[in-house]
Amino acid sequence: MTTAPQVLVEAPRGPRVEAAELVGGVLTHAPESDGLRFLSALDRLCTALSDEARLTEAGRRSTRRALVSALVLQLRLQRLLAEQPEIERLPFEGPLVVVGLFRTGTTLLQSLLAQHPDVRAPQLWELMHPVARDGSPAERARLIRVTQSYVRAYYRAAPAFRAIHYLDAELPEECHRLFGATFASEIYPLRYRIPSYVDWLAEQDMRRPYAFHRTLLRCLLWRDPGGHVALKCPTHLWHLDALAATYPQGRIVRLHRAPAAAVASACSLTAVVRSARSDDVDRAEIGRYWTERAVAALATARRDGDVHGLPVLDLRYDDLVADPLAAVASVCEFAGLRWTGAAERRVRRFLQRNPQGRHGRHRYAPEEFGVSRVELEERLGDYRKEFGL
């Protein structure tokens, strides 16, 4: 049993919280056998949010809603699996998983792969609502509307985010959203200043959260079967061992970019995202955070053909941007997908309709965040040499 701080998990009133009778207004001493899981992780997260995140009142409200929604998702999942136990036995190939530091081209690559007729890249609306009442067209349309409302609200809170990472309910998106209800995810330190949580997360065995990720992915495929699953999220980079244990038939595409550029861009992203919930955003602290996270993820990376037993294809950001068609073709070959004329035409059309900078220019510099190019080059010199960066 555990107790989550009342200030952050008090359930909002109203019909939208279907599990209000179980969340009980305030989550207190709820045993995991009652259907709610990962409560010790929730307790850690809430404590860090309360003590360290410097949230505005609006930030506290939006965070509270998100945490309650995650608990509701757990209960909905429990109900669905009781009604449809075959979901957890659903087989699927792969998946193909695109990883890399934030801001290394992972979004572009997944978007291009999604144009392939045989690729199933989960979209934002279904990642935000992996457990739905049914798979009917009416329910799909409703969830897309709800998700698009979320996107509009997010852009109101953080207008600069549009130019950094464009969101749309019906575009592929990062699968970190399938971890949210485990309360163990690298995305939380990006959203919030929570250093004690970062230290705690680094010590966790992530196989249980990854098993939850796999179950929710199966829910998506049960509701809407498709082709070869292509996932994307930078957060996998810090937990490749758990990813490999959970998806032993998976394949990894790993993207690489000059560390100073990637870290500076990730810092800019983080500052914008945190500003949606806090008025006290320390840029120098963000710079130190991403310097350490980059070193932790990349210092030992090598071109050795596999990661924890999973096949790996390494791509450089500069090569992806310079010749995206060739890059996508190479990924398709790696994944065992036929690179057809139809696939190439669809990728060309996407590139024509979505030129770089379409949604605004993202401008940043390492110096804004106290990031030392010299330090990064020294600490990641072997990595840069290994991948020709």
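Residue positions within a chain follow its written sequence, with the count starting from 1. Residues qualify for local features only when their pLDDT is at least 70, as the model is predicted, and side-chain atom pairs are given and counted only at 80 or more; totals for whole chains, interfaces and linings, by contrast, use all residues. For the side-chain quantities, the full set of heavy atoms in the structure was used; hydrogens and water were omitted.

Draft legend 1. How the structure looks around empty space enclosed by the protein. Buriedness for pockets is judged along seven lines, at least five of which must meet protein on both sides within 12 Å for an open set on the 1 Å grid over protein atoms alone, while cavities are sets there where a 1.4 Å probe fits but cannot get out, and lining residues have an atom within 4 Å of a point. Grid points are joined across faces, edges and corners, and a volume is the space filled by probe spheres set on the points. What the rule picks out here adds up to 4 cavities of 30 Å³ or more. Taken as a whole, the largest cavity spans an internal volume of roughly 70 Å³. In terms of lining residues, the largest cavity is bounded by 13 residues, among which Ala53, Arg193, Arg274, Ser278 and Asp280 are the most central. Counted by class, the lining of the largest cavity contains 4 nonpolar, 1 polar and 8 charged residues. Basically, the charged four are Asp, Glu, Lys and Arg, the nonpolar ten are Ala, Val, Leu, Ile, Met, Phe, Trp, Tyr, Cys and Pro, and anything else, Gly included, counts as polar.

Draft legend 2. Just the sheet that holds strand S3 (residues 228-232), in detail. For two strands to be treated as a pair, DSSP must find no fewer than two bridges joining them. Under the DSSP-based scheme used, a helix requires at least four consecutive residues in state H or I and a strand at least two consecutive residues in state E, with every element numbered from the N terminus. Read from one edge to the other, the open sheet built from 6 strands follows the order S2-S3-S1-S4-S6-S5, with strand pairing classed as mixed. Here the strands that pair on one side only, and so sit at the sheet edges, are strand S2 (119-120) and strand S5 (306-307). With 4 bridges joining them, strand S1 (residues 96-99) and strand S4 (residues 251-256) adopt parallel strand pairing. Looking across to S4, one finds that Leu96 is bridged to Arg251.

Draft legend 3. Main features of unusual backbone geometry. For Arg54, which is not glycine, the phi dihedral falls at a positive 55°. Structurally, Arg54 is set in the loop between helix H3 (39-52) and helix H4 (57-83). Residue Arg54 is classed as partly exposed on the basis of its relative accessible area, which comes to 33%. Note on exposure labels: buried denotes an accessible area under 20% of the residue type's maximum, exposed denotes more than 50%, and partly exposed covers the range between, all computed with a 1.4 Å probe on protein chains only.

Draft legend 4. Summary view of the environment of Pro172. Take Pro172: it is sitting in the loop between helix H8 (161-164) and helix H9 (187-191). Taking the C-alpha atoms as reference, Pro172 lies 9.0 Å from Leu127; in sequence the two are 45 residues apart. With near-sequence residues (within four places) excluded, Pro172 lies in contact with Gln110, Ala114, Ala121, Pro122 and Gln123. Throughout, a contact is declared for two residues whenever any of their heavy atoms are within 4.5 Å.

Draft legend 5. Focus on the packing of H4 against helix H11 (residues 207-223). All axes are obtained by fitting lines to C-alpha atoms, using only the stretch in contact for helices, and the reported angles, taken between N-to-C directions, cover 0 to 180 degrees. Put simply, H4 and H11 touch, their axes get as near as 12 Å, and they point 60° apart. Put simply, H4 runs oblique to H11. Seen from above, H4 lies across H11 with left-handed handedness. Of the residues in H11, those touching H4 at Leu73, Gln74, Leu77, Leu80 and Leu81 are Phe212, Thr215, Leu216, Cys219 and Trp222. Put simply, angles under 35 degrees are roughly parallel, angles over 145 are roughly antiparallel, angles from 65 to 115 are roughly perpendicular, and the rest are oblique. We call a crossing left-handed when the near helix sits turned anticlockwise from the far one by less than a right angle, and right-handed when that turn is clockwise.

Draft legend 6. Broad picture of the pairing of S3. Within S3, 5 of the 5 residues are buried, which leaves it mostly tucked inside the rest of the structure. With burial as the criterion, each face of S3 is covered, one bearing His228, Ala230 and Lys232 and the other bearing Val229 and Leu231. Inspection of the sheet shows S1 paired to S3 by 3 bridges, in the parallel sense. Across the sheet, residue Val97 finds its bridge partner in S3, namely Leu231. Pairing geometry for S2 and S3, over 2 bridges, is parallel. Within the sheet, the bridge partner assigned to Arg120 lies in S3 and is Val229.

Draft legend 7. View of the packing of aromatic side chains. Two rings belonging to Phe, Tyr or Trp (six-membered ring only in the last case) form a pair when the distance between their centres is within 6.5 Å. Interplanar angles under 30 degrees mark stacking, angles over 60 mark edge-to-face geometry, and anything in between is tilted. Scanning all chains against the criterion turns up 10 aromatic pairs. Ring centres of Phe92 and Tyr247 lie 6.2 Å apart, and the angle between their planes is 55°; on these two criteria the pair is classed as tilted. Taken together, the residues span a long stretch of sequence, with Phe92 in the loop between H4 and S1 and Tyr247 in the loop between helix H12 (240-246) and S4 at a distance of 155 residues. Relative to Trp290, the ring of Tyr289 has its centre 5.1 Å away and its plane inclined at 70°; by these criteria the two rings are edge-to-face. Trp290 carries the same exposure label as Tyr289, and that label is buried. By the ring-pair criterion, three or more aromatic residues cluster together here, those being Phe102, Trp238, Tyr289 and Trp290. Each ring is checked for a lysine NZ or an arginine CZ that lies within 6 Å of its centre and within 35 degrees of its normal; such an atom marks a charge sitting over the ring. The ring of Phe38 carries the charged tip of Arg208 above its face, separated from the ring centre by 4.5 Å. Of note, Arg274 hangs over the ring of Tyr289, and the distance from its end group to the ring centre comes to 6.0 Å.

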